[in-house]
Amino acid sequence: MQIDSNTKLYCLIGHPISKSLSPDIHNYSFEQNNINAKYMAFDVLEENLESSIKGIKALGINGFNVTIPHKVNIIKYLDDIDEEAKLLGAVNTVKNVNGKLIGFNTDGRGFIQVLKDKNIKIKDKNILMIGAGGAARAISIILAKEGINKIKILNRTKEKSIEIINEIKEKFPNVIGTYGTLSENREEISDTDIAINCTSIGMYPDVNCLPIDPNIFPNDTIVCDIVYKPLLTKFLKVSQEIGLDTIGGLDMLIYQGILSEEIWLEKNVDKNMVINWFKKRKL
Ligand code: ATR
């Protein structure tokens, strides 16, 4: 679609942003859905965050995504934030509503939505989270909010998993949270229903690394990997070979991106069309 005087502008602010797939995701989706909008990525340093927000307001840019390192610092420049952004203390999506900037967070919600669309129930399931970085925290906390009752977090650095477990226990006292390291005993995780790798283990170029051997899991465990390069990580490949269902990182990435778009446009957007297009491309 041609750019004209009615074209809406959405963007990403962060640093660095040169490898971000967000412009590809949104411009493809806008084009396919006949939406007169474009998406740009802006490299914004910490010291320019405030002035860039003023610029966004002054120009009437319709909405934007926020990535590292601004997800927390952005909050003080926003007019309001929604419940999940408040819960996570971080914002990855901002909507400009008549000059007021409202913050949202789709980081954990994207994963929940993938599960919902695949009809995977999370209530009463034993969740195994591998990793304790930003993505692991967002997904774990939103899972807790959604009503899981058991989660175990394994991480190379134990202190970081303890921090997330303590946060979950404080905010959701009904959730049973435990932690451990990546060399956790087989018996300890043999009741896993849903395993989620939120570490970078297995990411290109270290494609032969495994966060945990999937042979440990029962034969109905669903194995998920946040890594999307390669599309089929070794963690997912080995899981599939032993007959486990898997969910790849591309689904999660595109879901959280398109959820931002749904917030901006206030309508449902086809996520599978974007996923299928990406699967055909070389990432
Ligand atoms: P993100 O925002 O994507 O979650 P992050 O906050 O940097 O990124 O978190 C990276 C996660 O991958 C952490 O859990 C990290 O473990 P540590 O907390 O011990 O650093 C994990 N990770 C990265 N490289 C790893 C490796 N080679 N072995 C084990 N864990 C690794």
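Residues numbered from 1 in each chain as written. Predicted model: local features only at pLDDT ≥ 70, side-chain atom pairs only at ≥ 80, totals over all residues. Heavy atoms only, no water.

### Describing the UniProt feature "active site" (unreviewed entry) in the chain
Argument step 1. As recorded in UniProt, the sites labelled "active site" (unreviewed entry) are Lys71.
Argument step 2. Mapped onto the elements of the fold, Lys71 is located in the loop between strand S3 (63–66) and strand S4 (80–81).
Argument step 3. A residue is classified by how much of its surface remains accessible, and Lys71, at 22% relative accessible area, is partly exposed.
Argument step 4. In contact with Lys71, other than residues within four places in its own chain, are Val66, Ala90, Val91, Asn92 and Asp107. (UniProt positions renumbered as here; feature names shortened; annotations may be inferred. Helix = DSSP H or I, 4+ residues; strand = E, 2+ residues; numbered from the N terminus. Buried < 20%, exposed > 50% of the residue type's maximum accessible area, 1.4 Å probe, protein only. Contact = heavy atoms within 4.5 Å.)

### Here's the deal with unusual backbone geometry
Argument step 1. In the segment running from Ile68 into Pro69, the intervening peptide bond is cis, with an omega of 5°.
Argument step 2. In this fold, Pro69 is placed in the loop between S3 and S4.
Argument step 3. Cis geometry is found at the peptide bond from Tyr204 to Pro205, where omega equals 5°.
Argument step 4. Inspection of the secondary structure assignment puts Pro205 in the loop between strand S10 (194–197) and strand S11 (222–225).

### Some words on the nonpolar core
Argument step 1. Membership of the largest hydrophobic core comes to 45 residues, with the highest contact counts inside it found for Leu143, Ile151, Ile194 and Ile196.
Argument step 2. Among the elements that take part in this core, helix H5 (residues 134–145) stands out by supplying seven residues, more than any other.
Argument step 3. Not counting chain neighbours up to four residues away, the residues in contact with Ile196 comprise Phe111, Ile127, Leu128, Met129, Ile130, Ile139, Leu143 and Cys224.
Argument step 4. Counting residues in hydrophobic clusters, the runner-up holds 16 residues, among them Val44, Ile53, Val66 and Ile74. (Core = buried A, V, L, I, M, F, W, Y, C linked by side-chain atoms within 4.5 Å.)

### Comments concerning the layout of surface pockets
Argument step 1. In this structure, the second largest pocket spans a volume of roughly 150 Å³.
Argument step 2. For the second largest pocket, the full set of lining residues is Asn126, Ile127, Leu128, Lys150, Ile151, Lys152, Ile176, Thr178, Glu188, Ile189, Asp191 and Thr192.
Argument step 3. Those elements giving two or more residues to the lining of the second largest pocket turn out to be strand S7 (126–130), strand S8 (150–154) and strand S9 (176–180).
Argument step 4. By residue class, the composition of the lining of the second largest pocket is five nonpolar, three polar and four charged. (1 Å grid on protein atoms, 1.4 Å probe; cavity = no way out; pocket = protein on both sides within 12 Å on 5 of 7 lines; lining within 4 Å. Points joined across faces, edges and corners; volume = space filled by probe spheres on them. Nonpolar A, V, L, I, M, F, W, Y, C, P; charged D, E, K, R; others polar.)

### A word on the sheet that holds strand S5 (residues 93–97)
Each strand in a sheet pairs with another by means of backbone hydrogen bonds, the pair being arranged parallel or else antiparallel.
Argument step 1. If you trace the six strands from one edge of the open sheet to the other, you get S2-S1-S3-S5-S6-S4, paired in mixed fashion. Unpaired on one side and paired on the other, strand S2 (37–43) and S4 mark the two borders of the sheet.
Argument step 2. Judged from the five bridges that link them, S5 and strand S6 (residues 100–104) form a sheet pairing that is antiparallel. Its bridge partner being in S6, Val97 is matched across the sheet by Lys100.
Argument step 3. Of the strands in this sheet, strand S1 (8–14), S2 and S3 touch helix H1 (residues 22–32), which is tilted by about 170° from S2.
Argument step 4. On top of the sheet, helix H2 (residues 49–59) reaches S1, S3, S5 and S6; it is set at about 175° to S1, its chief contact. (Pairing = 2+ DSSP bridges. Axes fitted to C-alpha atoms, helices over the stretch in contact; angles between N-to-C directions.)

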